[in-house]
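Fold and geometry: a report
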Amino acid sequence: MKDPVSYARALATLTWQVQEKAALLSLRDSLRVIGAHSRAGDTEFACDGTALSVDGAHVPGNDVGCGPLLDAMRAHRLHRILIDDNVSPKELLLLATLLAGSAADTERSVVRLADELGLWHVRLEGATPEPITDDVRASCDEADPASFTTPESAREQAAALVQRAHDAADAGAAAEVVGALQWLMSAESVAEPAVAAVWAETFDRLGTLPLLRYVALRLCDDRADRAPLVRILQRAGDAGASAAVAHMIAAPTLRERRMLFDTIRELRHGVAVLLRSLQHPQWFVVRNAAALLGEMRVPEAMPGLTALLSHKDVRVRSAAVTAIAALDTSDSRATLQLAMRDGSSEVRRQAFYAMFARAEPIDDGALADAIEAESNVNTQLDMIDVLVRSTAPDALRKLTRVCAFAANTATDPLLRIAAMTALSKAKPSAALPYLRRLSEDRDSTVRDRARGLLAATAGAATAGAATVSSGPTPVATAPLP
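What comes next concerns the included structure. Here the structure is a predicted model, which means the values were calculated and not measured. (Residues numbered from 1 in each chain as written. Predicted model: local features only at pLDDT ≥ 70, side-chain atom pairs only at ≥ 80, totals over all residues. Heavy atoms only, no water.)

**Quick notes on the overall build of the chain**
- When helices and strands are counted, the chain shows 24 helices and 5 strands.
- For the chain, the proportion of its 481 residues judged to be buried stands at 49%.
- A sequence separation of at least 24 residues applies to 68% of the contacts in the chain between residues at least 6 apart.
- A total accessible area of about 23100 Å² is found for the chain, and carbon and sulfur atoms account for 55% of it. (Helix = DSSP H or I, 4+ residues; strand = E, 2+ residues; numbered from the N terminus. Buried < 20%, exposed > 50% of the residue type's maximum accessible area, 1.4 Å probe, protein only. Contact = heavy atoms within 4.5 Å. Areas by Shrake-Rupley, 256 points an atom, 1.4 Å probe, with all protein chains shown as cover.)

**Notes on the pattern of salt bridges**
- All chains considered together, the criterion is met by 14 salt bridges.
- In this structure, the salt-bridge partner of Arg235 is Glu188, at a minimum N-O distance of 3.4 Å. Here the residue Arg235 occupies a position in helix α10 (residues 226-236), and Glu188 occupies one in helix α7 (residues 174-190), the gap between them amounting to 47 residues.
- A salt bridge links Arg349 to Glu346; the nearest nitrogen and oxygen atoms lie 3.1 Å apart. (Salt bridge = Lys/Arg side-chain N within 4 Å of Asp/Glu carboxyl O.)

**Quick word on the sheet that holds strand β4 (residues 80-83)**
- A sheet is described by the order of its strands in space; here 5 strands give the open sequence β3-β2-β1-β4-β5, paired in antiparallel fashion. Edge positions in the open sheet fall to β3 (57-58) and β5 (122-125), since each of these has one partner strand only.
- By the bridge criterion, 4 bridges tie β4 to β5 in an arrangement that is antiparallel. Considered in β5, the bridge of Arg80 is made with Glu125.
- Contacting β4 and β5, helix α4 (residues 89-100) crosses the sheet at an angle of about 170 degrees to β4. (Pairing = 2+ DSSP bridges. Axes fitted to C-alpha atoms, helices over the stretch in contact; angles between N-to-C directions.)

**A short note on the side chain of Asp84**
- Mapped onto the elements of the fold, Asp84 is located in the loop between β4 and α4.
- Overall, Asp84 belongs to the buried group, its relative accessible area being 6%.
- Only 3.3 Å separates the side chain of Asp84 from the side chain of Arg123, close enough to count as a polar contact.
- Those residues in contact with Asp84 that sit more than four places away from it in its chain are Asp42, Trp120, His121, Arg123, Arg265 and Glu295. (Polar contact = N/O pair within 3.5 Å; in protein donor to acceptor, adjacent residues only side chain to side chain.)

**Some words on helix α8 (residues 193-206)**
- With 14 residues, α8 ought to run about 20 Å at 1.5 Å a step, and its terminal C-alpha atoms sit 20 Å apart, in line with that.
- When α8 is considered as a whole, its buried residues turn out to be Val195, Ala196, Val198, Trp199, Ala200, Thr202, Phe203 and Leu206.
- Considering only its buried residues, α8 is in contact with α6 (151-170), α7, α9 (209-219) and α10. (Expected span 1.5 Å × (residues − 1).)

**A few points about the packing of helix α19 (residues 364-373) against helix α20 (residues 377-389)**
- Closest axis-to-axis distance for the α19/α20 pair is 10 Å, and the angle between their directions is 155 degrees. Our classification of the angle between α19 and α20 gives roughly antiparallel. Like other packed secondary-structure pairs, α19 and α20 cross with a definite hand, here left-handed. Residues Asp364, Leu367, Ala370 and Ile371 of α19 lie in contact with α20, whose contacting residues are Gln380, Met383, Ile384, Val386 and Leu387. (Parallel < 35°, antiparallel > 145°, perpendicular 65-115°, else oblique. Left-handed = near helix turned anticlockwise from the far one by under 90°.)

**Examining the packing of aromatic side chains**
- Applying the stated criterion across every chain yields a total of 6 aromatic pairs.
- Pairing Tyr7 with Phe45 gives two aromatic rings, centres 5.2 Å apart and planes at 80 degrees, and the pair type is edge-to-face. Pair noted here: Tyr7 is in helix α1 (residues 4-19) and Phe45 is in strand β1 (residues 43-47), with a separation of 38 residues, a long-range link. This pair shows no difference in class: Tyr7 is buried, exactly as Phe45 is.
- On the numbers, 5.1 Å between centres and 90 degrees between planes, the contact of Trp183 with Trp199 is edge-to-face. In this pair, Trp183 is assigned in helix α7 and Trp199 in helix α8, connecting sequence segments 16 residues apart. Comparing Trp183 with Trp199, the two get one shared label, buried. (Phe/Tyr/Trp six-rings, centres within 6.5 Å; stacked < 30°, edge-to-face > 60°.)

**Describing the environment of Val215**
- Mapped onto the secondary structure, Val215 falls in helix α9.
- Along the primary structure Val215 and Ala174 are separated by 41 residues, whereas in three dimensions their C-alpha atoms are 7.2 Å apart.
- Those residues in contact with Val215 that sit more than four places away from it in its chain are Val178, Leu181, Leu229, Ile232 and Leu233.

**Examining the pairing of β4**
- Where β1 and β4 come together, 4 bridges link them in antiparallel fashion. What sits directly across from Glu44, in β4, is Leu82.

**Points about the nonpolar core**
- Counting 110 residues, the largest nonpolar core has Trp199, Leu305 and Leu367 as its most contacted members.
- Beyond its immediate stretch of four places on either side in the chain, Trp199 contacts Phe148, Ala154, Gln157, Ala158, Trp183, Leu184, Ala187, Glu188 and Ala191. (Core = buried A, V, L, I, M, F, W, Y, C linked by side-chain atoms within 4.5 Å.)

**Looking at the side chain of Arg123**
- When you line up the elements, Arg123 lands in strand β5.
- According to the relative accessible area criterion, Arg123 is buried, its value standing at 15%.
- Excluding its chain neighbours within four sequence positions, the residues that come into contact with Arg123 are Arg80, Ile81, Leu82, Asp84, Arg258, Asp262 and Arg265.

**Remarks on α20**
- With 13 residues, α20 should cover 18 Å at 1.5 Å per step; its first-to-last C-alpha distance of 19 Å lies within 8% of that length.
- The buried fraction of α20 amounts to 10 of the 13 residues, a majority that puts the element mostly inside the structure.
- Considered for burial, the residues of α20 that qualify are Val377, Asn378, Thr379, Gln380, Leu381, Asp382, Met383, Ile384, Val386 and Leu387.

**Focus: the packing of α6 against α7**
- At a minimum axis distance of 8 Å, the contact between α6 and α7 shows a crossing angle of 155 degrees. Considered as vectors, α6 and α7 are oriented roughly antiparallel to each other. For the element pair α6 and α7, the recorded crossing hand is left-handed. Packed against α6, whose contacting residues are Gln157, Leu161, Arg164, Ala165, Ala168 and Ala169, the element α7 presents Glu176, Val177, Ala180, Trp183 and Leu184 at the interface.
- Residues of the contact of α6 with α7, tallied by class, amount to 8 nonpolar, 1 polar and 2 charged. (Nonpolar A, V, L, I, M, F, W, Y, C, P; charged D, E, K, R; others polar.)

Here's what the structure looks like:
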């Protein structure tokens, strides 16, 4: 069950730990707690300058556990932090590092830094930017839409407007192109039906990929007012989305690609161009297209996304797994289990947690293989928890194999403890050899835990054996007469 306030406290704790340079084990434990919260769903943290709210619910001012998060958002003038449910531990740690830093240490804001670092599943929003002031204005801005009362007068204005917009595009005057499209939308909204039809037809004539690319270009300006620009692209439908995708492919910086990625999410158009983008030679284009198709829940993308599991770039495979999980089709379970045997820890983790969040049954063999191949101990612990709860006939044998692997080769004390605890609970007799070995472990915590489990397990076994050997208590009978 989602607990937004506890999520805020956990993020605040991690931020404080980064600031205080806490031990790596403490950071790892905090990341595991935050990861569990994040998988419960997308979450919004908002700060109005004086108080914190999570998913719209106000956090009491005396909640000291959330204090470091509120202080960090104030210091960096952050209005909102939005964290997707498929955020990775790396992104969460980078977020905490940004929040823990001093706003005076860099000329760039944490919003810009988050974009440059590629936090695709974390979005930061600062104060609303001021609308950009353009030196160049479309001449049609001076014309009052209400003055065109007949289709004939509107057509004359439309012809002049089309010519000016194309001339502006040839000259690279993006502001004038945008101004023409904005004027047409405004005129269409207030005109009588016959005149509105002229403005609509004119917008469609100008709503071509080359001209709409100028709208996408303006979206990458930090000072731009995004709302009217997004409305133009929405009005243009698939053509608007295609322009945003085309510009995202050509964008020179990660920050610009991220801004356009967020815009395409809002548009929810351009499925055809996104499907074609799955074959693009640039890895980031493929990754972005896969992510968007998943968020837009496009079922026909399933074959293309499945094919991406063999892509050479791990970032593409990870995005494909997340998208496949979001589609939730009849084929997704088998595909995610295939991804659990991927060569990348990040891909395996994404596939496992996708199935875990949906309470999907996971093949015990795939789970055991993933545990042995995994390098992230937090993920290994979660996988062991799932394997312990499995009721499949082969689960116990797989668990024994996994625990033997952990006892013999695992370097992390937490994993050795978790493995022997799980096996002691599931099959005490099978656990005894490993408990004896771990009772002499190099780590004192492992030794103490193993000796305690060994005493309890051996005691239970002895009690059971005594009961069997003694047999039932004989019942006294009177001699026969």
